[in-house]
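Residues per chain are reported as follows:
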Amino acid sequence: AFSRGGDSGAVIVGADNAFVALLTGGSGATELPDITYGTPMGWLWKNIIKPKFDGAVLFDPIMDN
């Protein structure tokens, strides 16, 4: 499984080590989740983090554009 109980809030990174999403949950028909849900980091950065914490800095050139 990609994620398990208690993993919510973890950062999901891509193969290039760029922030991709914030893990928000998972589900599946088995004991181990086979579906993972994430909120895209680009959306979080522009709509949630920067408006609330204007001085925040994320050292990721993709998010800073």
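The paragraphs below set out a description of the structure included in this document. (Residues numbered from 1 in each chain as written. Predicted model: local features only at pLDDT ≥ 70, side-chain atom pairs only at ≥ 80, totals over all residues. Heavy atoms only, no water.)

## Describing the overall build of the protein
- The helix and strand tally for the protein stands at 1 helix and 3 strands.
- When the elements of the protein are put in sequence order from the N terminus, they spell out β-β-β-α.
- The buried share among the 65 residues of the protein stands at 20%.
- By element, 59% of the accessible surface of the protein is carried by carbon and sulfur atoms, the whole surface being about 4700 Å². (Helix = DSSP H or I, 4+ residues; strand = E, 2+ residues; numbered from the N terminus. Buried < 20%, exposed > 50% of the residue type's maximum accessible area, 1.4 Å probe, protein only. Areas by Shrake-Rupley, 256 points an atom, 1.4 Å probe, with all protein chains shown as cover.)

## Notes on unusual backbone geometry
- A positive phi angle, close to 70°, is found at N17, a residue other than glycine.
- Secondary-structure assignment places N17 in the loop between strand 1 (11-13) and strand 2 (19-27).
- When its relative accessible area of 63% is taken as the criterion, N17 is described as exposed.

## Side note on the sheet that holds strand 2
- The 3 strands lie next to each other as 1-2-3, forming an open sheet whose pairing is antiparallel. Every other strand in the sheet has two partners, leaving strand 1 and strand 3 (35-40) as the edge strands with one partner each. Averaged over all pairs of adjacent strands, the angle between strand axes in this sheet comes to 50°, irrespective of strand direction.
- Where strand 1 lies against strand 2, 3 bridges are found, and the strand directions are antiparallel. (Pairing = 2+ DSSP bridges. Axes fitted to C-alpha atoms, helices over the stretch in contact; angles between N-to-C directions.)

## Description of helix 1 (residues 41-52)
- Along helix 1, the residues classified as buried are M41, L44 and W45. Taken end-on, helix 1 shows its buried residues confined to a sector of 95°, consistent with a single buried face. Facing away from the buried side of helix 1 by more than 90 degrees, the exposed set consists of K46 and P51.
- Each element contacted by the buried residues of helix 1 is listed here: strand 2 and strand 3. (Arc of directions from axis to C-beta. Contact = heavy atoms within 4.5 Å.)

## Structural notes on the pairing of strand 2
- The hairpin turn running from strand 1 into strand 2, its antiparallel successor, is 5 residues long, and N17 in that turn takes a positive phi close to 70°.
- With 6 bridges joining them, strand 2 and strand 3 adopt antiparallel strand pairing. Within strand 3, the residue paired with A21 across the bridge is P40.

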